[in-house]
Every structure is written in structure tokens, then in C-alpha cells.
Amino acid sequence: MTIRHKIIAEARSWIGTPYHHQAALKGIGCDCLGLVRGVWRAVYGADPEHPPAYSRDWAETLREETLADAADRHMIPLALDAFEPGDLLLFAINDNAPAKHCAILVAADRMIHAIESHPVAEVSLVPWWRNRLRFAFRFPEI
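Parameters at a glance
Residues numbered from 1 in each chain as written. Predicted model: local features only at pLDDT ≥ 70, side-chain atom pairs only at ≥ 80, totals over all residues. Heavy atoms only, no water. Buried < 20%, exposed > 50% of the residue type's maximum accessible area, 1.4 Å probe, protein only. Helix = DSSP H or I, 4+ residues; strand = E, 2+ residues; numbered from the N terminus. Arc of directions from axis to C-beta. Core = buried A, V, L, I, M, F, W, Y, C linked by side-chain atoms within 4.5 Å. Contact = heavy atoms within 4.5 Å. Pairing = 2+ DSSP bridges. Disulfide = S-S within 2.5 Å. Salt bridge = Lys/Arg side-chain N within 4 Å of Asp/Glu carboxyl O.

Asker: Got a minute to help me understand helix α1 (residues 3-13) in this structure?
Answerer: For an α-helix the count is 3.6 residues per turn, leaving residues at separations of three or four pointing the same way. Inspection of α1 places Ile 3, Ile 7, Ile 8, Glu 10 and Ala 11 among the buried residues, and these make up the whole buried set. Buried residues of α1 fall within an arc of 165° about the axis and therefore sit on the same side.

This is the structure:
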């Protein structure tokens, strides 16, 4: 099984996990970053780094691409037209705001993510999300 297939299978195993801000426990609770951290741990064995505590409005407050910078330290940056299933996508929810939402692409038009008030779910990568896509990254090979 390739890394890409492991990432997709692990992301799907998180479906139904309740949303919980700053958590990263499959079946217990996670936010979007916690989902990605949990998938990373399952595939690679340990978090690449531990994020500091963060508020729900951290991106708007800092006005920095903190999430993209962290992904860039551990993953392979991609052009926004070059991502494939198994890659990480980062979105800016509001215009002119930093990217603060992440998802794992699991099919050409499907992604898995955690969003406030909803459990982890596989959803369509509809135009609303595509219009907010700011960064894409590939998980590294082992």
C-alpha cells in the first residue's frame, strides 16, 4: 500500500469523529488540524511538531500564514492545479484572510475535513471550497 493510499484510508477512518477545538483523537474529537495530525501520526508514527494553543480566530488575529508555514516545513508544496488524492489542501474561509482550514483530498472531487459543529465528514470539493483554496501540499514519502 502506498503512502497516498494509507493517508486516504486513515482519513476515512476518522469519519464521524466529533468536532472538538484543538483535539486530535480519532473517535473522541478533533478539529481540522487535529484530523491532519492524527492521520500524520498513524502514517509516520509521531507528530512532526506540536502546535501551540490557538484560538478560533487565530488566523484573523495574526494575519500570518502560520498553517501554510508549518505545512511547508514538513511537506512538499504543490501548485494549486497539481494536487491529487492523498494531498493536503489549505483554505482561507474569508477573503483576504490567511488560510486556516485544512482537508485531505481523497478523490478528484472529494475531501475529508472537520469543521465546527459537525463531525469529520467526506464532502464534495465544490466551487465554494475551490474558490477558497490557497495552498496544497503533498505528504512526504517515508
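This is not the end of the story, as more comes after the structure.
Asker: Quick question: what am I supposed to make of the nonpolar core here?
Answerer: Here is a general trend for soluble globular proteins: nonpolar side chains tend to be buried in one another's company. Grouped together as the largest cluster of nonpolar side chains are 29 residues, with contacts concentrated most on Val 39, Leu 88, Leu 90, Ile 104 and Phe 139. Secondary-structure elements contributing two or more residues to this core are α1, α2 (32-44), α4 (66-74), β4 (88-91) and β5 (101-107). For Val 39, the residues in contact, after removing those within four places along its chain, are Ile 7, Glu 10, Ala 11, Trp 14 and Ile 104.

Asker: What's the story with the pairing of strand β8 (residues 133-138) in this structure? I'm lost.
Answerer: For a regular strand, side-chain orientation follows a simple rule: the groups alternate between the two sheet faces. As paired elements, strand β3 (residues 76-78) and β8 share 3 bridges and run antiparallel to each other. Across the sheet, Pro 77 pairs through a bridge with Phe 137, a residue of β8. In this structure, β4 lies alongside β8, joined through 4 bridges in antiparallel fashion. By the bridge assignment for β8, Leu 90 is matched with Phe 135.

Asker: Looking at this model, I keep getting lost on the environment of Ile 7. Mind explaining?
Answerer: By the secondary structure assignment, Ile 7 is in helix α1. We classify Ile 7 as buried; its relative accessible area is 1%. Excluding residues that lie within four positions of it along the chain, Ile 7 makes contacts with Val 39, Val 43, Tyr 44, Gly 86, Ile 104 and Phe 139.

Asker: How do you make sense of the state of the cysteines when you look at a structure like this?
Answerer: Covalent bonding between the sulfur atoms of two cysteines defines a disulfide. On inspection of all chains with the given rule, the structure shows 0 disulfides. Free cysteine: Cys 102, not disulfide-bonded; nearest cysteine sulfur from Cys 32 at 3.7 Å.

Asker: Just to check I follow, could you spell out the pairing of strand β6 (residues 110-113) for this structure?
Answerer: For β5 and β6, the ladder comprises 3 bridges, and the chain directions are antiparallel. When the bridges of β6 are listed, Ile 104 appears paired with Ile 112. Here β5 hands over to β6 after 2 residues, the two strands then running antiparallel side by side. Across 4 bridges, β6 lies against strand β7 (residues 121-124) in antiparallel orientation. Paired with Arg 110 across the bridge in β7 is Ser 124.

Asker: Would you mind showing me how to read the environment of Arg 63 here?
Answerer: With respect to the element layout, Arg 63 can be found in the loop between α3 (58-62) and α4. For Arg 63 and Thr 2, which are 61 residues apart along the polypeptide, the C-alpha to C-alpha distance reads 36 Å. Residues contacting Arg 63, with those up to four places away along its chain left out, are Asn 96, Ala 97 and Pro 98.

Asker: Where do I start with unusual backbone geometry in this structure?
Answerer: Peptide bonds are, in most cases, trans, and in most cases residues other than glycine have a negative phi. One non-glycine residue, Gln 22, lies in the positive phi region at around 70°. Within the secondary structure, Gln 22 is located in the loop between α1 and β1 (24-25). Even without glycine at this site, Ser 117 takes up a positive phi of about 75°. Here Ser 117 is to be found in the loop between β6 and β7.

Asker: Explain the pattern of salt bridges to me, please; I cannot follow it from the model alone.
Answerer: A pair can form between side chains of opposite charge whenever their charged atoms are brought close. Applying the stated criterion across every chain yields a total of 10 salt bridges. The shortest N-O distance in the salt bridge between Arg 110 and Glu 122 comes to 3.4 Å. Of this pair, Arg 110 sits in strand β6 while Glu 122 sits in strand β7, placing them 12 residues apart in sequence. Residue classification places Arg 110 among the partly exposed positions, given a relative accessible area of 26%. The network of salt bridges with shared partners includes Arg 4, Glu 84, Asp 87 and Arg 138.

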